[in-house]
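Given next are the chains, with one letter for each unit.
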Amino acid sequence: MILSIADIHMGDKARVGGKAYALAEMFKNSMPVPFAMCITTEAYVSYLRHTGLKDRIFLQLHRKRFEDMRWEELWDMALRLQNMFLKTPIPPDLKKQIEGPLKSAFSSNPTAVRSSAPGEDSAAASFAGLHESYVNIKGPEAILEHIKLVWASLWSDRALLYRQEVGLDVEKSAMAVVVQEMVLGDRSGVAFGTDPNDVTQAVIEAVHGLNQGLVDGIVEPDRWIIDRNTEKIVSHQPVKRHEAMLPAGNQVRLQPLSPAQQSSPPLYDDEIAQVFQLVLQAETFFGSPQDVEWTFLDDGLYVLQSRPITTAPGQTGKDERSWYLSLHRSFDNLKALRMRIEDTLLPAMEKEVQRLSQQTFDALSDTQLAEEIQNRSDIYEKWSKTYWDDFIPMAHGMRLFGEVYNRMMRPDDPYEFMRLLGATDMLALKRNAMLAKMASMIRDNTALVASWDNEAISDDHLPEELREFHGALTEFLEQFGDLACGRDQCRQGRHGVVKLLLEMADNLPKEKPRSVTDASSLTEAFLDRFTAEDQGFGSDLLALGRASYRLRDDDNIYIGRIRRQMVRAVDEGRHRIEKRLEIPTSRLAADEVLSALNNPEYTPKAPQPLEQSPQSPQRAMQIKTRQLVGQPAGPGIAKGKARVIDTASELVDFKTGDVLVCDALDPTMTFVVPLSSGIVERRGGMLIHGAIIAREYGLPCVTGVPEVTNYVKTGDIVSVDGYLGIVTIHSDLQIA
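As a starting point, this report considers the structure included with it. Just so it is clear, the model here is predicted, and its values are computed rather than measured. (Residues numbered from 1 in each chain as written. Predicted model: local features only at pLDDT ≥ 70, side-chain atom pairs only at ≥ 80, totals over all residues. Heavy atoms only, no water.)

### Comments concerning the overall build of the protein
Helix and strand counts for the protein come out as 24 helices and 21 strands. A buried classification covers 54% of the 736 residues belonging to the protein. Here the analysis covers contacts within the protein between residues at least 6 apart in sequence; of these, 68% occur between residues at least 24 apart. (Helix = DSSP H or I, 4+ residues; strand = E, 2+ residues; numbered from the N terminus. Buried < 20%, exposed > 50% of the residue type's maximum accessible area, 1.4 Å probe, protein only. Contact = heavy atoms within 4.5 Å.)

Written out as structure tokens, the structure reads:
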């Protein structure tokens, strides 16, 4: 079950994994490797067998086909799997076999607990960074808990995806764990025996402090290129040095460098030569160029791990591992990303919208208008890329908070952490509050109904009591424009707002309790788990999770505003073409609009008529009550008429009490949520927009029902059980 690296031999490789085996070989050949022990895969297998976890994992893996799952659903599944490990103690007999040797070897000294899965760090596939490692772990109890966390990381979404990508059998996966004496190095780095772009050169990267800053991408390293033949430094690329990852209590933290460290590269020339010789030694020993992690403590150089370089020269673009690694973000990385989004990107988007919205098209010729449409399309594409590059990764803040919360609180509900994240100032909630206020203003004043839909009316012609309402409507339209924009059209406009407000005024929903208002005790309990020294970190992590939760929704509102400005120019083009050719243009594609504006002789192709979705055989045969099973994503039970939404333009027909059924609920569509009694989405996951907004309004929500739009049509009476994740289609037509 547990072996010293001095006792690991060739025949043990399958049960100790590539990392442990490499460390053992280097250790036995007198390379400067810190002492380590390996908990073999037999311990992992025994843990699964004697706790029943193997069967529970199997059930989770077969709940839905892998290829049918979106990334949010993979997150959810990974969270459930990892929470199983957290909640399942190591059986006493197994614990006894492991704990004793660990105590003898490390006592209370700091250790690093690292993954060492079979197949990991091989020449065919590298799992570098895909499984978890933990540093500065002290004492047998803490080590045992972190061994479980490393086992659990075998089931992270990124590890599952990568394992499937390289053709490894997920269900036969196993994990060994290395527990290694921690060397608290003052300078650390990574060295590549060959540069993937030039095999005549080697590369050394170094930072002050521990390696975690470099590996997580938080601390930019100094970089040296070495000529492999002459062993001379070819170039040095210095960076601005501000911070280093250093031990802090039982954790490691990003801390500022002293002025002297900021002005000095982490390595001197003679130390670069030592690292280069270490890499060559590993290469000679293993028979292929190596990727080596190392650290200096005072004048002593240590090798922390060595793995084959799997990227062949000239094939850097074929290594997909970087994409899978992007599914993991550290706390400091996310803090920096939050600052970039809130301080730079969102203000820039706001400024862009302001600039575009103030521009009129009257003075533009058709050709100039076409150029403006193309310009706005390019702007939209630029921000769409930003959305994927920056906004989507920010969602990892929720995930990181959830992982830490579950690790510290061990809740029965793996999604309990979501209750701490809501009640934020989400733009969608602000928008909906403005709608509710306007609805309440006209509720008892029918005179408003006659006047408010006239955008040409000025305040000078309004009675005093109506000016407040018109001011609110104008403010709403300026901030949120059209209620819902598809990719090519924003069709609702002022009339869409009118229709929705009339519905809300007639059936203004009572104020619903927000599900997160009672989370103060959970918040207090969470923060109490931190030591006085770490209280600041706990608060910062919670703030990060809440920002991630809020931005997950807000970012779509911002990108929707940019899209609206693009569509506004396209609509102007459609209007001109309709006037010139006397043909209907409301559904004319943007590229057809461009062609007709650039060429007066061009006749646009008529858009294809909308196809009605054929009724599925299952639907045609549906005469009995039927239950569909998905994921519970918002607690509560509701019954009502289904309103199946295929396009955003259908939302203006939404009625109070309808159950919203859709493929995916975009934040730009969530203005109808206050009217709804429940939400069902074809897509799955606790972190999708529909689930987030449902919890904010205390609505039952079920997600991950792929066949829902096949079985449910508008007008069907359905029940939504947000506790169990069940949607029931009733054969009767009575709601009560």
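### Let's talk about helix α5 (residues 92-106)
Taking 1.5 Å per residue, 15 residues should reach 21 Å; α5 reaches 20 Å between its end C-alpha atoms and fits that length. Turning to α5, its buried residues are Leu-94, Ile-98, Leu-102 and Phe-106. Where α5 is buried, its residues touch β1 (2-4), β2 (36-39), α2 (41-51), β3 (110-116), α6 (140-153) and β5 (176-181). Positive phi appears at Ser-107, one or two residues downstream of α5, with a value of about 50 degrees. (Expected span 1.5 Å × (residues − 1).)

### Brief notes about the packing of aromatic side chains
Considering all chains together, one arrives at 16 aromatic pairs under this definition. Arranged with centres 5.9 Å apart and planes meeting at 70 degrees, the rings of Tyr-44 and Trp-151 form a pair that is edge-to-face. Of this pair, Tyr-44 sits in helix α2 while Trp-151 sits in helix α6, and the two are 107 residues apart along the sequence. The class of Tyr-44 is buried, set by a relative accessible area of 1%. Residue Trp-151 is classed as buried on the basis of its relative accessible area, which comes to 0%. What links up through ring pairs into an aromatic cluster is the set Phe-331, Phe-401, Tyr-405, Phe-417, Phe-526, Phe-530 and Phe-537. Directly above the aromatic system of Tyr-558 lies the positively charged group of Arg-561, at a separation of 5.3 Å from the ring centroid. (Phe/Tyr/Trp six-rings, centres within 6.5 Å; stacked < 30°, edge-to-face > 60°. Lys NZ or Arg CZ within 6 Å of the ring centre and 35° of its normal.)

### Describing the side chain of Ser-306
Considering the arrangement of structural elements, one finds Ser-306 in strand β13 (residues 300-308). At 2.7 Å, the side chain of Ser-306 forms a polar contact with the side chain of Gln-290. Not counting the four nearest positions on each side in its chain, Ser-306 is found in contact with Ala-22, Met-26, Ala-282, Phe-286, Gln-290, Asp-291 and Val-292. (Polar contact = N/O pair within 3.5 Å; in protein donor to acceptor, adjacent residues only side chain to side chain.)

### Quick notes on a negative patch on the surface
A cluster of acidic side chains, namely Asp-269, Asp-270, Asp-298 and Asp-299, defines a negative patch on the protein surface. Residue placement: Asp-270 occurs in helix α10 (residues 269-286). Judged by relative accessible area, Asp-270 falls into the partly exposed class, the value being 48%. (Patch = residues over 30% accessible without salt bridge, like charges linked within 9 Å, V, L, I, M, F, W, Y side chains within 5 Å. Areas by Shrake-Rupley, 256 points an atom, 1.4 Å probe, with all protein chains shown as cover. Salt bridge = Lys/Arg side-chain N within 4 Å of Asp/Glu carboxyl O. Lys, Arg positive; Asp, Glu negative; His and termini not counted. Charge placed at Lys NZ, Arg CZ, Asp CG, Glu CD.)

### Structural notes on the sheet that holds strand β6 (residues 187-192)
Pairing in this open sheet of six strands is antiparallel, and the strands run β9-β8-β7-β6-β12-β13 from one edge to the other. Two strands lie at the open edges of the sheet, namely β9 (233-237) and β13, each paired on one side alone. Averaged over all adjacent pairs, the angle separating strand axes in this sheet is 20 degrees, with direction ignored. As paired elements, β6 and strand β12 (residues 290-297) share six bridges and run antiparallel to each other. Its bridge partner being in β12, Ser-188 is matched across the sheet by Thr-295. (Pairing = 2+ DSSP bridges. Axes fitted to C-alpha atoms, helices over the stretch in contact; angles between N-to-C directions.)

### What about a nonpolar patch on the surface?
A surface patch of nonpolar side chains, about 380 Å² in accessible area, is lined by Ile-637, Tyr-723 and Leu-724. Here Tyr-723 lies in the loop between β20 (717-721) and β21 (726-729).

### Some words on the sheet that holds β1
One open sheet accounts for five strands, arranged β1-β2-β5-β3-β4; its pairing is antiparallel. At either end of the open sheet lies a strand with only one pairing partner, and these are β1 and β4 (133-138). Averaged over all neighbouring strand pairs, the angle between strand axes comes to 25 degrees, with direction disregarded. Strands β1, β2, β3, β4 and β5 of the sheet are contacted by helix α1 (residues 13-28), whose axis makes an angle of about 130 degrees with β3. Each of β1, β2, β3 and β5 touches α5; the most contacted strand, β2, lies at about 170 degrees to it.

### Here we look at the pairing of strand β8 (residues 222-227)
Direction of pairing for strand β7 (residues 201-208) relative to β8: antiparallel, over a ladder of six bridges. In the sheet register, Val-203 faces β8, and the bridge partner there is Ile-225. The pairing of β8 with β9 spans four bridges and is antiparallel. Opposite Arg-223, over in β9, you have Gln-237 as the bridge partner.

### Points about the pattern of salt bridges
Pairing is possible between side chains of opposite charge, provided their charged atoms come close. Considering all chains together, one arrives at 34 salt bridges under this definition. A salt bridge links Arg-682 to Asp-663; the shortest N-O distance between them is 2.3 Å. Residue Arg-682 is located in the loop between β18 (678-681) and α23 (689-696), and its partner Asp-663 is located in the loop between β17 (659-662) and β18; the two are separated by 19 residues in the primary sequence. By relative accessible area, which is 31% here, Arg-682 ends up partly exposed. Look at the salt bridges and you will find they share partners, linking Asp-366, Glu-572, Arg-576 and Arg-580 into a network.

### Quick notes on helix α19 (residues 520-528)
Taken together, the buried positions of α19 are occupied by Leu-522, Thr-523, Phe-526 and Leu-527. With its buried residues spanning 130 degrees around the axis, α19 presents them on a single face. Turned more than 90 degrees away from the buried face of α19, the exposed residues are Ser-520, Glu-524 and Asp-528. (Arc of directions from axis to C-beta.)

### Some thoughts on the nonpolar core
With 90 residues, the main nonpolar core has Phe-401, Leu-435, Phe-526, Leu-541, Ile-679 and Ile-693 as its most contacted residues. If you tally residues by element for this core, the top one is helix α20 (residues 535-581), at 12 residues. Discounting residues that sit within four places of it in the chain, Leu-541 has contacts with Phe-331, Leu-400, Phe-401, Val-404 and Phe-526. (Core = buried A, V, L, I, M, F, W, Y, C linked by side-chain atoms within 4.5 Å.)

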